[in-house]
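One-letter residues, chain by chain:
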There are 2 protein chains.
Amino acid sequence: MWQTRWMGTTIATARARARAEVRAEIVTEARRQLAVEGAPALSLRSVTRQLGMASSAVYRYFPSRDELLTALIVEAYDGLGAVAETAAAAGGQAFERWRTVCRAIRGWALENPHEYALIFGSPVPGYEAPALTVGPASRVTLVLAGLLVDAHRAGELTDVDAGPLSRAMSVEALRLADLALPDVPLATVAGGLVAWTSLFGQISFELFGQLKGIVEQPEVLFEHAIIVTAGLLGLRPGQLPGPVAAQTEP
Amino acid sequence: MWQTRWMGTTIATARARARAEVRAEIVTEARRQLAVEGAPALSLRSVTRQLGMASSAVYRYFPSRDELLTALIVEAYDGLGAVAETAAAAGGQAFERWRTVCRAIRGWALENPHEYALIFGSPVPGYEAPALTVGPASRVTLVLAGLLVDAHRAGELTDVDAGPLSRAMSVEALRLADLALPDVPLATVAGGLVAWTSLFGQISFELFGQLKGIVEQPEVLFEHAIIVTAGLLGLRPGQLPGPVAAQTEP
DNA sequence: TCAAAGTCAAGAGCAGTGCTCACAATCGCG
DNA sequence: CGCGATTGTGAGCACTGCTCTTGACTTTGA
């Protein structure tokens with residue numbers, strides 16, 4: 001990270017070390033303020049004030065406020081991705097894994113509402129997410145994709161009955177299947193996309209206060225949504241008592 | 001509104017008239033800037049500058065920037081509500097009405113992305129939506145609820161097979177059914193909630209750039225989501241060729 | 001009719017923001 | 001060890017939301 005690779009030798013100059021340290025301090029303080037007051041209230045000046053440095057010093061480390069926000073976005077994506085990955089790592093039946101991952105994602109969102117809003121909320125009009133965010137951003141989607149692949153290989157996917165796919169939808173699903181969901185039925189891929197947007201739509205509605213006055217216990221609705229969206233994937237709760245030696249290599 | 005009721009006589013003083021006019025001008029200009037540059041970039045000063053008045057004058061009409069934003073939020077809710085209502089007013093089969101309303105909502109969102117973000121995006125941390133927004137906000141949900149009620153009365157709802165509802169979910173659904181969905185099966189109510197969040201989750205993902213790099217044609221996925229979510233409601237495309245005299249009164 | 005009361009816009013000003021730039025200090029590498 | 005790149009500083013610019021005083025205007029009531 002803060003090491004300088006040069007001519008094959010890996011050296012970490014004291015300057016680079018100090019630089020990375022200060023940079024980390026800035027990000028840490030920024031994340032702290034983000035968690036407390038939200039992204040709009042995050043100001044460079046307050047960060048530097050807290051760190052005891054001049055307001056202009058931060059520009060030695062981040063060329064603009066947006067760049068600092070980008071760092072926070074990457075951190076948020078990584079945090080969510082890590083949570084999803086550990087949730088999916090716990091084995092078990094496909095439906096149970098789906099449920100576990102969904103709960104983990106919602107749990108992370110409830111614990112880090114401002115980070116969640118930073119990622120899934122309304123984008124800042126002038127801001128364009130840089131390319132280095134796509135990697136961390138795809139971690140959680142890859143988790144969900146892997147879950148479907150595993151379920152399919154274990155034979156735990158039942159057919160989804162949403163009628164025939166439109167030609168255009170088949171094209172989309174086919175492209176995605178080739179990309180990250182080998183051999184998974186196209187109807188499941190298409191349903192998975194809907195389940196995916198439903199999952200985050202649900203969380204966003206809860207977190208952004210859209211359920212207020214309509215649903216009293218969001219977690220109850222979320223649990224129901226888990227079951228319903230699992231149906232879109234071809235997953236049903238407790239259908240197979242678990243094939244014993246189903247964890248076969250392809 | 002701008003009329004002064006006094007001693008039983010209703011008079012509209014020239015002052016009140018002018019006041020309402022200026023207020024409307026401010027809102028109009030603010031909405032124009034909102035549509036162009038988004039809510040964060042909307043500044044009172046730029047609005048007054050455009051209107052040729054002093055920056056402090058606007059505080060005669062809106063006590064704060066948040067109040068002006070509230071007016072814009074109400075307008076946005078009303079705009080979306082009107083679109084949904086006219087879409088639902090066009091009769092036809094229940095599934096077709098569901099599809100028409102969904103498309104209309106998405107169309108409005110695509111045409112007014114910043115207004116949509118204002119309503120369904122991440123909330124401003126300090127801002128609490130006042131009570132006068134709940135009326136306009138509930139218009140679109142009432143449209144969807146009415147659609148379900150009509151479909152049920154017309155006998156166009158098939159049973160949804162998502163397994164038995166949990167006790168807590170039944171309570172939630174029952175409360176909602178008593179509130180706005182008389183006689184509609186609880187499973188449909190529960191599925192309707194999921195469909196509701198899915199619908200807006202889909203639109204938010206598209207509008208907020210979350211589908212970028214994953215789904216190439218969002219409208220294709222949206223059309224698929226319409227069909228899939230209709231299934232959560234117990235609606236299937238073109239199932240009954242339309243019961244002739246089914247529009248019975250209870 | 002004419003002054004009092006109420007209303008409104010303007011301007012100055014405050015505290016805060018992101019960001020730039022010239023300058024000084026300091027630190028470390030060759 | 002000295003030179004140069006790197007880092008921190010403080011002033012300053014243009015902007016924001018918001019407050020408050022001042023002066024002009026309109027409406028009201030005796």
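Relevant structure appears above.
Being a predicted model, the structure only gives us computed values, none of them experimental.

*Asks:* Honestly, the interface of chain A and chain B in this entry has me stumped. Any pointers?
*Replies:* Many analyses report the size of an interface as the accessible area lost when the parts associate. Taken together, the contact pairs 50 residues of chain A with 50 residues of chain B. For the pair chain A and chain B, the summed buried surface comes to about 4,100 Å²; carbon and sulfur atoms form 68% of the total. There are 4 salt bridges connecting chain A and chain B. Between E216(A) and R175(B) there is a salt bridge, with the nearest N and O atoms lying 3.9 Å from each other. Linking chain A with chain B are 12 residue pairs in polar contact (both at pLDDT 80 or more). Secondary-structure elements contributing two or more residues to the side of chain A that touches chain B are α5 (113-120), α7 (167-180), α8 (186-207) and α9 (218-233) of chain A. Top contributing element to the side of chain A that touches chain B by residue count: α8(A), with 11 residues.

*Asks:* Just checking my understanding: could you explain the nonpolar core for this structure?
*Replies:* Counting 152 residues, the largest nonpolar core has W98(A), F200(A), W98(B) and F200(B) as the members making the most contacts within it. If we ignore the near neighbours within four places in the chain, the residues touching F200(A) are L80(A), I105(A), Y116(A), F120(A), V140(A) and F205(B).

*Asks:* Teacher, can you tell me more about the packing of helix α1 (residues 14-37) of chain A against helix α2 (residues 44-51) of chain A here?
*Replies:* Geometry of a packed helix pair, given as the angle between the helix axes and the separation of the axes. Residues and elements named next belong to chain A. Where α1 contacts α2, the two axes come as close as 10 Å, and the packing angle between them is 115°. Read as a crossing pair, α1 and α2 show a hand that is right-handed. Contacts between α1 and α2 pair E25, I26, E29, A30, R32 and Q33 from the former with S46, V47, Q50 and L51 from the latter. Among the residues making up the contact of α1 with α2, the classes are represented as 4 nonpolar, 3 polar and 3 charged.

*Asks:* Whenever I open this one, the packing of aromatic side chains confuses me. Can you help?
*Replies:* Centre-to-centre distance and the angle between the planes together describe a pair of aromatic rings. Within this structure, the stated rule accounts for 12 aromatic pairs over all chains. Their ring planes at 5° and their centres at 6.0 Å tell us that F120(A) and F205(B) sit as a pair that is stacked. On the criterion of chain membership, the pair formed by F120(A) in helix α5 and F205(B) in helix α8 (residues 186-207) is interchain, its members lying in two chains. F205(B) matches F120(A) in its accessibility class, with the two residues each being buried. Taking 4.9 Å as the distance between ring centres and 80° as the angle between the ring planes, the aromatic pair formed by W196(A) and F205(B) counts as edge-to-face. One end of the pair, W196(A), is in helix α8; the other, F205(B), is in helix α8, on a second chain. Among the residues examined, W196(A) registers a relative accessible area of 9% and is labelled buried. On the accessibility criterion, F205(B) (4% relative accessible area) is buried.

*Asks:* What exactly am I supposed to notice about unusual backbone geometry here?
*Replies:* Most peptide bonds take the trans configuration, and most residues that are not glycine carry a negative phi. Look at D183(A): it is not a glycine, yet its phi comes out positive at around 70°. D183(A) gets classed as exposed once you look at its relative accessible area, which sits at 66%.

*Asks:* Sorry if this is basic, but what is going on with the protein's contact with DNA strand D here?
*Replies:* Neighbouring residues of DNA strand D: 22 residues in total, closest S56(A), R60(A), S43(B), R45(B) and R49(B). Each atom of DNA strand D within 4 Å of the protein belongs either to a base or to sugar and phosphate, the latter forming 48%. For DNA strand D, a base oxygen lies 2.5 Å from a polar atom in the side chain of S56(A). With respect to DNA strand D, the side chain of R60(A) contributes an N or O atom lying 2.4 Å from a base oxygen. Of all the elements in the fold, those that place two or more residues in the surface near DNA strand D are α1 of chain A together with α1 (14-37) and α2 (44-51) of chain B.

*Asks:* Explain the pattern of salt bridges to me, please; I cannot follow it from the model alone.
*Replies:* Side chains that differ in charge, positive against negative, can pair when their charged atoms come close. What the rule picks out here adds up to 22 salt bridges over all chains. The shortest N-O distance in the salt bridge between E206(B) and R106(B) comes to 2.9 Å. Highlighted residues: E206(B) in helix α8 and R106(B) in helix α4 (residues 94-111), separated in sequence by 100 residues. R106(B) shares its class with E206(B); the two are buried. Overlapping salt bridges, with partners in common, bring together D78(A), E85(A) and R139(A) in one network.

Reading the values: the criteria
Residues numbered from 1 in each chain as written. Chains lettered and ligands numbered in written order. Predicted model: local features only at pLDDT ≥ 70, side-chain atom pairs only at ≥ 80, totals over all residues. Heavy atoms only, no water. Contact = heavy atoms within 4.5 Å. Buried area = accessible area lost by both parts, 1.4 Å probe. Salt bridge = Lys/Arg side-chain N within 4 Å of Asp/Glu carboxyl O. Polar contact = N/O pair within 3.5 Å; in protein donor to acceptor, adjacent residues only side chain to side chain. Helix = DSSP H or I, 4+ residues; strand = E, 2+ residues; numbered from the N terminus. Core = buried A, V, L, I, M, F, W, Y, C linked by side-chain atoms within 4.5 Å. Buried < 20%, exposed > 50% of the residue type's maximum accessible area, 1.4 Å probe, protein only. Axes fitted to C-alpha atoms, helices over the stretch in contact; angles between N-to-C directions. Left-handed = near helix turned anticlockwise from the far one by under 90°. Nonpolar A, V, L, I, M, F, W, Y, C, P; charged D, E, K, R; others polar. Phe/Tyr/Trp six-rings, centres within 6.5 Å; stacked < 30°, edge-to-face > 60°. Near = heavy atom within 4 Å.

It is worth stressing that arrangement in space is one thing and function is another; only the former is reported here.
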